[in-house]
Amino acid sequence: MSEPVCRACGGHNGQIVLDLGRQPASDHFPRLVEPGPDARHPLQMWLCADCGLAQLLSDPTVPEEPKGAEPAALVAQARDAVHRVSRAGLLPTGARVAEYGSPHGGSWLGMLRANGLHPVRDGDQAEVILDCFGMMHCPDQAAAVAERAGRLTEDGVLLIQYHSLATIIRCGQWNALRHGHYAYYSTTALITMLAAAGLRPRTAWTFDLYGGTVLLAASRTGEPDDIVRALLAEETAMRITEPNRLRVLQDEAAATADALRRYLTEQRQAGRRVYGYGAASRAVALLCRAGIDSVLLPAIADAAPAKQNRRMPGSGIPVISPAELVSAEPDEVLLFLPDLATEARTALPQIEAGGGRWVIAEPRPDPLAPLSVA
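Residues numbered from 1 in each chain as written. Predicted model: local features only at pLDDT ≥ 70, side-chain atom pairs only at ≥ 80, totals over all residues. Heavy atoms only, no water.

S.K.: Explain the overall build of the protein chain residue by residue, including any values.
M.R.: Along the backbone of the protein chain there are 12 helices and 16 strands. Compactness check: the protein chain gives a C-alpha radius of gyration of 21 Å against a globular reference of 21 Å for 374 residues, within 12% of the reference. Taken along its principal axes, the extent of the C-alpha atoms in the protein chain is 65 × 50 × 40 Å. Within the protein chain, the fraction of its 374 residues that count as buried is 52%. Long-range contacts, defined as pairs at least 24 residues apart, comprise 71% of the intrachain contacts of the protein chain with a sequence gap of at least 6. For the protein chain, the computed accessible surface area is about 15,900 Å², with 52% contributed by carbon and sulfur atoms. (Helix = DSSP H or I, 4+ residues; strand = E, 2+ residues; numbered from the N terminus. Rg over C-alpha atoms; globule rule 2.2 N^0.38 Å. Buried < 20%, exposed > 50% of the residue type's maximum accessible area, 1.4 Å probe, protein only. Contact = heavy atoms within 4.5 Å. Areas by Shrake-Rupley, 256 points an atom, 1.4 Å probe, with all protein chains shown as cover.)

S.K.: Run through the sheet that holds strand β1 (residues 14-24), naming residues and quoting values.
M.R.: Strand order in this open sheet of four strands is β1-β2-β3-β8, and the pairing throughout is antiparallel. Each end of this open sheet is capped by a strand with a single partner; those strands are β1 and β8 (183-184). In this structure, β1 lies alongside strand β2 (residues 40-48), joined through eight bridges in antiparallel fashion. Pairing of Asp 19 across the sheet is with Gln 44, part of β2. (Pairing = 2+ DSSP bridges.)

S.K.: Can you break down the side chain of Thr 213 residue by residue, with the values?
M.R.: Here Thr 213 shows up in strand β10 (residues 213-219). Judged by relative accessible area, Thr 213 falls into the buried class, the value being 1%. There is a polar contact of 3.2 Å between the side chain of Thr 213 and the side chain of Gln 161. If we skip the residues at most four places from it in the chain, Thr 213 touches Phe 133, Gln 161, Tyr 162, His 163, Ser 164, Trp 205, Thr 206 and Phe 207. (Polar contact = N/O pair within 3.5 Å; in protein donor to acceptor, adjacent residues only side chain to side chain.)

S.K.: So what's going on with the nonpolar core? Residues and values would help.
M.R.: One finds Leu 287, Leu 297, Met 312 and Leu 334 to be the most contacted residues of the largest nonpolar core, which totals 47 residues. Examining the composition of this core, we find that seven residues originate from one element, helix α9 (residues 282-290), more than from any other. With near-sequence residues (within four places) excluded, Leu 287 lies in contact with Leu 260, Ile 292, Leu 297, Ile 300, Met 312, Ser 315, Ile 317 and Phe 336. (Core = buried A, V, L, I, M, F, W, Y, C linked by side-chain atoms within 4.5 Å.)

S.K.: Describe unusual backbone geometry, naming the residues involved and giving the relevant values.
M.R.: Leaving glycine out, the prevailing phi sign among residues is negative, and the prevailing peptide bond configuration is trans. The omega angle of the peptide bond from Gly 36 to Pro 37 is 0 degrees, so this bond is cis rather than trans. Topologically, Pro 37 is positioned in the loop between β1 and β2. Note the cis peptide between Glu 362 and Pro 363, where omega equals 10 degrees. Residue placement: Pro 363 occurs in the loop between β15 (357-360) and β16 (366-367). In this structure, Asn 309 takes a positive phi of about 65 degrees despite not being glycine. Note on placement: Asn 309 falls in the loop between β12 (300-301) and β13 (319-320).

S.K.: Before we move on, could you go through helix α6 (residues 226-238) and cite the residues and values that matter?
M.R.: Across its 13 residues, α6 extends 18 Å between first and last C-alpha, which sits within 8% of the 18 Å expected from 1.5 Å per residue. Inspection of α6 places Val 228, Leu 231, Glu 235 and Met 238 among the buried residues, and these make up the whole buried set. Buried residues in α6, looked at end-on, bunch into an arc of 85 degrees, giving them a common side. When the buried face of α6 is taken as reference, the exposed residues oriented beyond 90 degrees from it are Asp 226, Thr 236 and Ala 237. Against α4 (165-170), α5 (187-196), β9 (200-207), β10 and α7 (243-246) lie the buried residues of α6. Here α6 starts with a cap whose side-chain oxygen sits 3.1 Å from the backbone nitrogen of Ile 227, and that cap is Asp 225. Arg 239 sits one or two residues past α6 and shows a positive phi near 60 degrees. (Expected span 1.5 Å × (residues − 1). Arc of directions from axis to C-beta.)

S.K.: I'd like a rundown of the sheet that holds β15, residues and numbers included.
M.R.: One open sheet holds the six strands; their spatial order is β13-β12-β11-β14-β15-β16, and the pairing between them is mixed. In the strand order of this sheet, the two ends are held by β13 and β16, each with one partner. Looking at chain direction, strand β14 (residues 332-335) and β15 are connected through four bridges and run parallel. Residue pairing in the sheet places Val 333 in a bridge with Trp 358 of β15.

S.K.: Before we move on, could you go through helix α1 (residues 72-87) and cite the residues and values that matter?
M.R.: The first and last C-alpha atoms of α1 sit 23 Å apart over 16 residues, in line with the 22 Å expected at 1.5 Å per residue. Contacts made by the buried residues of α1 are with α2 (109-114), β7 (152-163), β9 and β10. Gly 89 occupies a position one or two residues after α1 and carries a positive phi of about 80 degrees.

S.K.: Tell me what's going on with the packing of helix α8 (residues 248-269) against α9, and back it up with residues and numbers.
M.R.: Contact pair α8 / α9: the axes reach a minimum separation of 8 Å and the direction vectors enclose 70 degrees. By the criterion of interaxial angle, the relationship of α8 to α9 is roughly perpendicular. Of the residues in α9, those in contact with Gln 250, Ala 253, Ala 254, Thr 256, Ala 257, Leu 260 and Arg 261 of α8 are Leu 286, Leu 287, Arg 289 and Ala 290. Of the residues assigned to the contact of α8 with α9, the class counts are seven nonpolar, two polar and two charged. (Axes fitted to C-alpha atoms, helices over the stretch in contact; angles between N-to-C directions. Parallel < 35°, antiparallel > 145°, perpendicular 65-115°, else oblique. Nonpolar A, V, L, I, M, F, W, Y, C, P; charged D, E, K, R; others polar.)

Right, dumping it as structure tokens:
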């Protein structure tokens, strides 16, 4: 293997802080008629000692992610974010806006149009540039930052939303690491990257989505406010750029996988039928690491038609529709995306009406309390 090179600063000094072994591509959901076995590739997180960016060490996979259904929680968070940024005066009426979206789907452009902003064509200059979980999908992080900064007008603002590395560590979200996701941003490392492109942090907003996300505003001038300084102080206290701090994720990976397998084994021995909900890319490594197959988990339901009649890579578990999940009359439903809890339970009241219960899959299987009846 060649010597690692930082995707942001080009440095060679760093350490592997999380190694999940060989895993299938988490964004490739084979059709049910494709028997496998699925190709597996090393999945490792490397921490740059020079700029502090946590990143995917290598990725030989080819992106091929079926579009997922946009969760209601993500839509609600985007609406809240647009309102808060507008209230801060950073979305002036008549401003041009460019969006770098995530390949997982979702867009803020409709809401930004409603706020009086005008979307521009790819490559055009804009007063507002939005990146919502987009830049992490770029193999060359330095080029990605430079491209966004290059399109920004002199007095413009760059808005970057990211799943915080502080959250990943605090919540033990080791399976945030996946092929196709090249960077895992601490606010500390992201600000260093922005500085290299001539941008300075201005302010930030935090949201509960995914356990904790940050929307950072940066421009060519200005000073960081108290919110940004507080985020940096928190990360300093966490020692977020120290390899040993991130290595707790390795222990959490083993504990989470062991707990899931133990739970499913016990449920099967007790004669209880367990199905899953949310065929998420983050579930791929968890299922593979835990050694789960369709014997322990017969199927996972997902609302996205593009994922139905396919299977989870590596584990071979079929992906079914929500209607098929209801017809199966499961005793328990493992929810692989906690942010979907309210949405899924509201859409599928038949599960609990039939005596079933919803269980959060990680970090440890945890049953949700029954919905109160009005």
